[in-house]
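Structural description and commentary
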Amino acid sequence: MGIKPLIFIHGGAGNYRLFSEEALQRRRVLLNEIAVKSFEVLISKSALDAVEYAVKLMEDSGAFNAGLGSVLTLNKRVEMDAGIMDGKTLNVGAVACISNFGNPISIARRIMEETDHILIAGVSAERLAEFFGFKPDFSLITEEKLERFKKVYDAWIRGERKRMLKIREIVMSSPDLFNFLDTVGAVAIDSDGNVASAVSTGGYWLKLPGRIGDVPLVGCGFYADNEAGAASASGVGEAIAKVTLSKMCCDFMRNGFSAQEACEKAIAVLTRRIGDNTAGIIAVDKTGGYGFAFNTAGMCRSIFIEGMEKPAVAIFPEEPFIVD
Ligand code: ASP
């Protein structure tokens, strides 16, 4: 029996219990729409095109912490990371610490296809993006974001937030700093059995300028190999990188575990070695099985598999999601 193509997207792992019903609903609607649109690309093109497109739409939506919606650094800048991987060729492209461009994921793909490197950062990445024809977008820092920055920053100054203890010693920190993670990502498998993974983020509020997380690091925020499967992660980048979460998940699949088992095992290792409330992951294995796991309060996710009438969408662990 042939492989049923599927696209599985995520809009970040985090504490969605703090979100209003309206904010949650906005994300559910977008997840549904974007799964439908990127599934069309999966069917007419490839897994790689589909994951790039899904992430691009989430970047453009302004509703997630990527592209237009990216959060601000401690000095009120937008610095984004993104990565993409083709499981057929093991080709990788990533961009780190890039400002003023709305679609880091598409820049990452061009780096993959048109340079000899896998990761370009900062000003050089911006120059390269312009060379590739991407137009700078200086509208990523909005009034709304600056107001939000003030709230997050003030709470942090008041000592109401507690994370990044070492950085707190330098500039103080916050308990809820990671409550608003909304990174986006996608994994897909097409009918030829090719898998792909993509991920894109603005990082997290008040991160130090120049900080690069898991997202542009191959094996950490993303990984794809046709011989194993594909995975895309979200959560505290430093924690994800320490255990190379996406590669670990793919290695479980390589060793015969299903996507669901691999996600659960990878998150169990992360929780045991680093701690709870740190991350989530979605995956597809080489047989077309899918899985997810998270140790945060929720993870925005949506899946569309050939044969389904509409995508399944969920945020919290107790919501029905698995549909076969
Ligand atoms: N992993 C991202 C980072 O640490 C954040 C997120 O997933 O929301 O940059």
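Here the structure is shown first, and the text comes after it.
A brief structural summary. All values derive from a computational prediction rather than experimental measurement. (Residues numbered from 1 in each chain as written. Predicted model: local features only at pLDDT ≥ 70, side-chain atom pairs only at ≥ 80, totals over all residues. Heavy atoms only, no water.)

Some remarks on the pairing of strand E11 (residues 298-305)
With eight of its eight residues buried, E11 lies for the most part within the structure. Neither face of E11 is open: one carries Gly298, Cys300, Ser302 and Phe304, the other Met299, Arg301, Ile303 and Ile305, and all of them are buried. Here seven bridges tie strand E1 (residues 6-14) to E11, and the two strands are oriented antiparallel to one another. In the strand pairing of E11, Ile9 is matched with Ser302. Two elements, E11 and strand E12 (residues 312-314), share three bridges in a ladder whose sense is antiparallel. Paired with Ile303 across the bridge in E12 is Ala312. Taking the residues between adjacent antiparallel strands as the criterion, E11 and E12 are bridged by six residues, where Gly307 takes a positive phi near 100 degrees. (Buried < 20%, exposed > 50% of the residue type's maximum accessible area, 1.4 Å probe, protein only. Helix = DSSP H or I, 4+ residues; strand = E, 2+ residues; numbered from the N terminus. Pairing = 2+ DSSP bridges.)

Quick look at the site of the ligand
Around the ligand, eleven residues are found, and the nearest of them are Thr183, Arg211, Asp214, Ser234 and Gly235. Separating an oxygen atom of the ligand from a side-chain N or O atom of Thr183 is a distance of 2.6 Å. Contacts to the ligand include Ser234, whose side-chain N or O atom sits 2.8 Å from an oxygen atom. Here the ligand has 260 Å² of accessible area as a free molecule, and 100% of this is covered by the chains. (Near = heavy atom within 4 Å. Polar contact = N/O pair within 3.5 Å; in protein donor to acceptor, adjacent residues only side chain to side chain. Areas by Shrake-Rupley, 256 points an atom, 1.4 Å probe, with all protein chains shown as cover.)

Overview of the packing of helix H2 (residues 47-61) against helix H3 (residues 104-114)
Following both chains from N to C, one finds H2 and H3 inclined at 150 degrees, their axes separated by 8 Å at the closest point. Classified by the angle their axes make, H2 and H3 are roughly antiparallel. Of the residues in H3, those touching H2 at Leu48, Asp49, Glu52, Val55, Lys56 and Glu59 are Pro104, Ile105, Ser106, Arg109, Met112 and Glu113. Partitioned by chemical class, the residues of the contact of H2 with H3 number five nonpolar, one polar and six charged. (Axes fitted to C-alpha atoms, helices over the stretch in contact; angles between N-to-C directions. Parallel < 35°, antiparallel > 145°, perpendicular 65-115°, else oblique. Contact = heavy atoms within 4.5 Å. Nonpolar A, V, L, I, M, F, W, Y, C, P; charged D, E, K, R; others polar.)

Remarks on unusual backbone geometry
A positive phi angle is found at Asn100, which is not glycine, with a value near 65 degrees. Examined against the element boundaries, Asn100 turns out to sit in the loop between strand E3 (91-98) and H3. Note on Asn100: relative accessible area 26%, which makes it partly exposed. For Asn277, which is not glycine, the phi dihedral falls at a positive 55 degrees. By the element assignment, Asn277 lies in the loop between helix H9 (259-273) and strand E9 (279-285).

A word on the pairing of strand E6 (residues 195-201)
Most of E6 sits inside the fold, with seven of its seven residues counted as buried. A two-sided burial pattern is seen for E6, the buried positions comprising Val195, Ser197, Val199 and Thr201 on one face and Ala196, Ala198 and Ser200 on the other. As paired elements, strand E2 (residues 80-86) and E6 share six bridges and run antiparallel to each other. By the bridge assignment for E6, Met85 is matched with Ser197. Inspection of the sheet shows strand E5 (residues 184-189) paired to E6 by six bridges, in the antiparallel sense.

Topic: the packing of aromatic side chains
Two aromatic rings are characterised by how far apart their centres lie and by the angle between their planes. All chains considered together, the criterion is met by nine aromatic pairs. Relative to Tyr290, the ring of Phe8 has its centre 6.1 Å away and its plane inclined at 90 degrees; by these criteria the two rings are edge-to-face. Linking Phe8 in strand E1 with Tyr290 in strand E10 (residues 290-294), this pair joins segments that are 282 residues apart in sequence. A residue is classified by how much of its surface remains accessible, and Tyr290, at 10% relative accessible area, is buried. An aromatic cluster is defined as three or more aromatic residues linked by ring pairs; in this entry it consists of Phe8, Tyr290, Phe292, Phe294 and Phe321. When the ring centre of Phe257 is taken as reference, the NZ or CZ atom of Lys265 above it lies at 4.6 Å. (Phe/Tyr/Trp six-rings, centres within 6.5 Å; stacked < 30°, edge-to-face > 60°. Lys NZ or Arg CZ within 6 Å of the ring centre and 35° of its normal.)

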